[in-house]
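Observations on the three-dimensional arrangement
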Amino acid sequence: AKGEGRNRFHYFTPSMQRYAKHRMRLIQDLRHAIIHQEFELYYQPIICLQHDTCLKAEALIRWRHPKRGLVSPIEFIAVAEETGLIIEIGNWVFQQAARQSALWRDRFGVEVQISINKSPVQFRDEGDSFESWAALLKSLKLTNNNICVEITEGLLLDNSQTISSTLATYRESGIQVSLDDFGTGYSSLAYLKKFEIDYLKIDQSFTRNLDSNGNDFTLCEAIIVMAHKLGMQVIAEGVETEYQRQLLADAGCDFGQGYLFSKPVPAEEFEQAFIIKAKE
Ligand code: C2E
Ligand code: CA
Ligand code: CA
Ligand code: CA
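Only a predicted model underlies this, so the values are computations on that prediction, with no experimental measurement involved. (Residues numbered from 1 in each chain as written. Chains lettered and ligands numbered in written order. Predicted model: local features only at pLDDT ≥ 70, side-chain atom pairs only at ≥ 80, totals over all residues. Heavy atoms only, no water.)

1. Description of the coordination of the calcium ion (ligand 3)
For the calcium ion (ligand 3), the protein coordination sphere consists of Asp180 (OD), Asp181 (OD), Glu237 (OE) and Glu237 (OE), at 2.2 to 2.4 Å. Between consecutive donor residues of the calcium ion (ligand 3), the sequence gaps follow D-D-x55-E. (Donors = N, O, S within 2.8 Å, 3.2 Å for Na, K, Ca; no water.)

2. Concerning the coordination of the calcium ion (ligand 4)
Taken together, Asp181 (OD) and Asp181 (OD) make up the full set of protein donors to the calcium ion (ligand 4), lying 2.6 to 3.1 Å away. A gap of 5.9 Å separates the calcium ion (ligand 4) and the calcium ion (ligand 2). Mapping Asp181 onto the fold places it in strand S6 (residues 175-182). (Helix = DSSP H or I, 4+ residues; strand = E, 2+ residues; numbered from the N terminus.)

3. Overview of the packing of aromatic side chains
Here a ring pair, both rings aromatic, is described through the centre-centre distance and the interplanar angle of the planes. Per the stated rule, a full pass over the model turns up 14 aromatic pairs. When the centroid spacing of 6.2 Å and the interplanar angle of 45° are considered together, the rings of Phe39 and Trp92 count as tilted. With Phe39 in strand S1 (residues 39-48) and Trp92 in helix H4 (residues 86-108), this pair connects stretches of sequence that are 53 residues apart. For Phe39, a relative accessible area of 8% translates into the label buried. Both rings, one in Phe130 and one in Trp133, keep their centres 6.5 Å apart while their planes meet at 55°; by these two values the pair is tilted. With Phe130 and Trp133 both in helix H6 (residues 130-139) and 3 residues apart, the pair spans about one turn of that helix. Residue Phe130 shares its accessibility class with Trp133, and that shared class is buried. Site record: aromatic cluster; members linked through ring pairs are Phe94, Phe123, Phe130, Trp133 and Tyr170. We note Lys118 situated over the ring of Phe123; from NZ or CZ to the ring centre the distance is 4.3 Å. (Phe/Tyr/Trp six-rings, centres within 6.5 Å; stacked < 30°, edge-to-face > 60°. Buried < 20%, exposed > 50% of the residue type's maximum accessible area, 1.4 Å probe, protein only. Lys NZ or Arg CZ within 6 Å of the ring centre and 35° of its normal.)

4. A word on the site of ligand 1
The environment of ligand 1 is formed by 22 residues, the closest being Gln44, Arg62, Gln204, Glu240 and Tyr259. Contact distances for ligand 1 include 2.9 Å between an oxygen atom and a side-chain N or O atom of Arg62. One nitrogen or oxygen atom from the main chain of Tyr259 is found 2.8 Å from an oxygen atom belonging to ligand 1. Spatially, ligand 1 is embedded in the largest pocket. When contributions to the shell around ligand 1 are tallied by element, the ones reaching two or more residues are strand S2 (53-65), helix H3 (73-83), H4 and S6. Broken down by element, the residue count for the shell around ligand 1 peaks at 4 residues, all from S2. Here the shell around ligand 1 is built from residues that sort into 10 nonpolar, 6 polar and 6 charged. (Near = heavy atom within 4 Å. Polar contact = N/O pair within 3.5 Å; in protein donor to acceptor, adjacent residues only side chain to side chain. 1 Å grid on protein atoms, 1.4 Å probe; cavity = no way out; pocket = protein on both sides within 12 Å on 5 of 7 lines; lining within 4 Å. Sits in = over half its atoms within 2 Å of the grid points. Nonpolar A, V, L, I, M, F, W, Y, C, P; charged D, E, K, R; others polar.)

5. A closer look at the layout of surface pockets
One number sums up the size of the largest pocket: a volume of about 990 Å³. Taken together, 35 residues make up the lining of the largest pocket; nearest its centre are Glu58, Leu60, Pro73, Asn117 and Asp180. For the lining of the largest pocket, the secondary-structure elements that each account for two or more residues are S2, H3, H4, helix H5 (120-124), strand S5 (147-152) and S6. Across the lining of the largest pocket, the residue classes break down as 14 nonpolar, 11 polar and 10 charged. Only S2 and helix H12 (267-279) provide two or more residues apiece to the lining of the second largest pocket. (Points joined across faces, edges and corners; volume = space filled by probe spheres on them.)

As C-alpha cells, this is what we get:
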C-alpha cells in the first residue's frame, strides 16, 4: 500500500544514488576503454626459490583511464564480471599475454611462462570458445607451457564436469593451470585430486605473518608437502621479506612472488630487469 511505497523510496538514499551513478559511469567508461584499448598488462616475476631464477611472470591488468590515470583492477574487475564485459577484457588479456610471451622468445630466445587470471564468469560464457585461443597459440607456436591460467577455488564448485573437461583441453593445448588464492576460498581438498592442476598459489594472508614456529608456517609447510605428493608445485604469493623467502625456501616451496622480488611492472621494465639482466 501507500506506506510500503514510501518505505521503498525511503531506502533509496543519496549515497545509494551516488553509488548508482558512479557505477553507471564506470560501466560506460569500461565500454569506452575496451573500444579504445586503454588496458595494459603489468608483469610480476615468479621466482624459483631453489635456483633464484625467473622463468615465469603473472600478468596483471591496469587501466590507463584518460582522466583518472592508472586504475587498479580492484576497482573494475567486479563490475566487469557483473556486466559480462570481462569476456572481452579477458580475451584481450589472453591475446596480449600470448603475444608478449612469443615476443620475448623471438627477441631474447627465452621462454617466459605468463600466467593470466581467468574469471569464473569467463568459464560460464557460452561463447567461451577455446578454439580461438588454441588457434592463436598455435599460430604463435606457443604450445609448450608458455601460458598458465589462474583460476580460483570457487570455480571448482561450479559444474565440475564442464570445468574438468575444460581443464583437460588446456592440458592438451600445453596450457598449465594454477589454483589462485589457495586457502581463502571454499576449498575442499577433494577437488585437488579431481582436477588436473599444476600449481597451488598460497594466498598472501598466509605468507604475511610467517614465523618459524607460528601456525601460518605450519600451514604453509603442510600445503607444500601435500601439493608435492599430489604432483603439484607451489607458488607463495605476497613474499615481502628476506625472512619469509628463507622460511619458504627451507620448507621446500618451489616459487615465490611478491614485492621482495618486484612489484608488477610494465613489459619493458620486466624485460630489462628479468630477461636482459639474467642473460648478462
Ligand atoms: P591476484 O590474482 O591475487 O594478484 C595478486 C595481487 O597481489 C596483485 O594485485 C599484486 O600486485 C599484489 N601483490 C603482489 N605481490 C605483493 C606483495 O608482496 N604484497 C602485497 N601486499 N601485494 C602484492 P593487483 O595487481 O592489484 O590485482 C588485484 C586482483 O585483481 C588480482 O589478485 C586478480 O584477482 C585481479 N586481476 C588482476 N588482473 C586481472 C585480469 O587480467 N583478469 C582478471 N579476471 N582479474 C585480474
Ligand atoms: Ca592471480
Ligand atoms: Ca592471488
Ligand atoms: Ca586475489
